[in-house]
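What the coordinates show
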2 protein chains.
Amino acid sequence: MHGFVRNLITEWRRLELPFSGETFIVAVSGGADSISLILALNELKKREKLNHRFIVAHFNHMLRAGASDADEDFVRRLAVEHGLELAVGHGHISQKGNLEQNARNARYDFLTKTAESAKAFAILTGHTVNDQAETFLMNLIRGSGPDGLSGMRAIRKLGDAKAQGQVDAKISEDNNSPFLPISPSPLLLTRPLLTWATRRATENFCHEMGVEYRYDTMNEDLTFKRVRIRKLLIPMLEDFNPKIIETLAKTASLMREASEEEGERRKPGNAETGKLGPSSAGPINDQLALKDLKSLKKTDLYELLRNWIKQHRGNLRGIEMKHIEAIERLIQSRKSGKTAELPDRKAVVKHGGVLRFEDLKVEKLASEH
Amino acid sequence: MHGFVRNLITEWRRLELPFSGETFIVAVSGGADSISLILALNELKKREKLNHRFIVAHFNHMLRAGASDADEDFVRRLAVEHGLELAVGHGHISQKGNLEQNARNARYDFLTKTAESAKAFAILTGHTVNDQAETFLMNLIRGSGPDGLSGMRAIRKLGDAKAQGQVDAKISEDNNSPFLPISPSPLLLTRPLLTWATRRATENFCHEMGVEYRYDTMNEDLTFKRVRIRKLLIPMLEDFNPKIIETLAKTASLMREASEEEGERRKPGNAETGKLGPSSAGPINDQLALKDLKSLKKTDLYELLRNWIKQHRGNLRGIEMKHIEAIERLIQSRKSGKTAELPDRKAVVKHGGVLRFEDLKVEKLASEH
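Residues numbered from 1 in each chain as written. Chains lettered and ligands numbered in written order. Predicted model: local features only at pLDDT ≥ 70, side-chain atom pairs only at ≥ 80, totals over all residues. Heavy atoms only, no water.

**Brief notes about the relation of the copies chain A and chain B**
- When chain A is fitted to chain B, the residual RMSD is 0.2 Å, and the transformation amounts to a turn of 179° plus an axial shift of 0.1 Å. Both copies are brought into coincidence by an operation consistent with a two-fold rotation axis. Proximity to the rotation axis, assessed at the C-alpha, singles out L233 of chain A in chain A; its C-alpha lies 4.0 Å from the axis.
- Most of the interface of chain A is mirrored in chain B, where 100% of its interface residues again form contacts. (Least-squares fit on C-alpha atoms with pLDDT ≥ 70 in both. Contact = heavy atoms within 4.5 Å.)

This is the structure we're talking about:
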């Protein structure tokens, strides 16, 4: 058995995933990461190590003219050649707001619906060690604070609608899980390559299996921050430490473990901060009392604010340390105004001894133009 | 009052340092950071905001021929011009082992002795926000794990002999403080520029005061990792985030706060892991029982191992994630050998159900040559 396939089944066991009788949706873009995943799964199926139904799910965003259709054709041919079931979705991506995020949301909707109609056990994605390392650097650079440095998880339950935007995100806000509303659905999101497969390893595996994969030309476009991190920053970091990808990914995963332990402690009933924080069980706090917030240590306050924002916005994308600090100033100082602005025309407003989460007032927006 | 001076007195208040009647040792290399510190302190003394005895302490390592003597002459002249007391030490730096570390130890010895003979309240150093950010990156790159990413503290008690190597370290291992043996001496180490002054701000302040400062030619030498971080890596990170220095320093300080809270919880009697870990109160654990270690979560295990190593070696310099992982393999696996090697000819050895900290066997060393 190829080492790549052996590593996958080892991780499968570690994640305590079932060995037979289930359906899995495999998100396949056509890149080396997702192609290597489906090839290895298919190999395990042929060897009767995994007796599951695997459905290749490809979402065509229709954003890159001919290239998107060529990706779709490629995945269709691959599925036929390997006798794999296939589900294809087509995108109607809103051009309003953040295009990348809209595309992600649309892809997620498709994957979830496909999973639900197939009564799938989990959605599998091809995120690699490199994705983990790049996400860590993205979050470090934008200053998202210690809990923002927690890595993506190799396995998690899919949250409710508010949290769904994150699901297949390469730029994941996959933090603070203890406070995420947990969906009653048992559907899981699993990233079985995340902890051990580098992007290079997925490419090598495809080559060795004699299977082509698609290059996303957006991966060469240096106007994307993630591409600059991959193409410029990481090679420089490799001059310092040739194993930097693995080192960063490991750091992210240790930070996640530490933050999950912390989260355990803060569950309602477990610790004194639990009673104040938005918890996974309770409803969203519409407002936070200033006097409660003032008594918190900075790290607890920051974590609570980030979770509160996440509950209202559905994610933490674009939330930087400066936003949290602005809210902290609202709390601490009588001088600083009444509003801390957030991205996406949202704001935290101080009024009558409490903080509220609100849409930014129209007149405020008008004055900005 | 110049903004730099005002910021210094604000930080002085925040650190709850005394305003009169004490003696402070100010470590002055001749660089912009330490020169700006002594200039600002002297300004506060003239304005009677701080009524203390400030002693300029300069250590001549005698490592860079004429340059080291020129630095000493420069600091001597500055002290005379500004009517400052001066203590100068001369180095006898061992060429064995890590030269930088030996120089640091010698400088520390000198500063401590000077402080003790003057019955000083604290040693003050000119570490800046940049030093904090660079240290964070050094530790991130070498993979020292989450607790290795905690920043230097702006104020701390000086530890016992085992911990002294760190004191004035630009590459500080200033972590895990809750487990550090605390000296009965009240001598403090304080870094009053650390949380707010960038290196650029110290240079600007010197220029505006019309005072020269010395450049250390070693700061241009790209064979040093820290210099490459400063000259190559940070400028690239600034392309992503112009405030990267402040962002990284803030992240380090939030990580420190989180780890100190965690440390509080783990003090003996506070939490279940406390009883196992080497604590600040108890003696050093000569050995660790495998069965106790096996029951720990990974993050607790890693922290415990790092603290245990630190108690035996005096610091964590050169300890990378690979070393901790090697010890973890010793613990978890019956297959992996009996010894995990550490830098400096030390090793962790598995024997009869326990781990011991030992010197590497001679025959082992011989075979390496």
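**As for unusual backbone geometry**
Residues and elements named next belong to chain B.
- Of note, the phi angle at E48 is positive, near 60°, even though the residue is not glycine.
- By the element assignment, E48 lies in the loop between helix 2 (32-46) and strand 2 (51-60).
- The phi dihedral of K119 falls on the positive side, at around 50°, and the residue is not glycine.
- By the secondary structure assignment, K119 is in the loop between helix 4 (99-117) and strand 4 (122-124). (Helix = DSSP H or I, 4+ residues; strand = E, 2+ residues; numbered from the N terminus.)

**Things to note about helix 4 (residues 99-117) of chain A**
All names here are of chain A.
- Its 19 residues place the ends of helix 4 27 Å apart at the C-alpha level, agreeing with the 27 Å of an ideal helix rising 1.5 Å per residue.
- Along helix 4, the residues classified as buried are Q101, N102, A103, R104, A106, R107, Y108, F110, L111, T112, T114 and A115.
- Residues of helix 4 that are buried make contact with strand 1 (20-27), strand 2 (51-60), strand 3 (85-90) and strand 4 (122-124).
- Two or three places before Q101, at the opening of helix 4, N98 has a side-chain oxygen 3.0 Å from that residue's backbone nitrogen. (Expected span 1.5 Å × (residues − 1). Buried < 20%, exposed > 50% of the residue type's maximum accessible area, 1.4 Å probe, protein only. Polar contact = N/O pair within 3.5 Å; in protein donor to acceptor, adjacent residues only side chain to side chain.)

**Some details on the pairing of strand 8 (residues 339-342) of chain B**
Residues and elements named next belong to chain B.
- Of the two faces of strand 8, the one lined by A340 and L342 is fully buried and the one lined by T339 and E341 carries no buried residue.
- Note that strand 8 and strand 9 (residues 346-351) share four bridges and pair antiparallel. Bridge assignment links A340 to a residue of strand 9, and that residue is V348.
- Hairpin connection, strand 8 to strand 9: the antiparallel pair is bridged by three residues, and D344 has positive phi, about 60°. (Pairing = 2+ DSSP bridges.)

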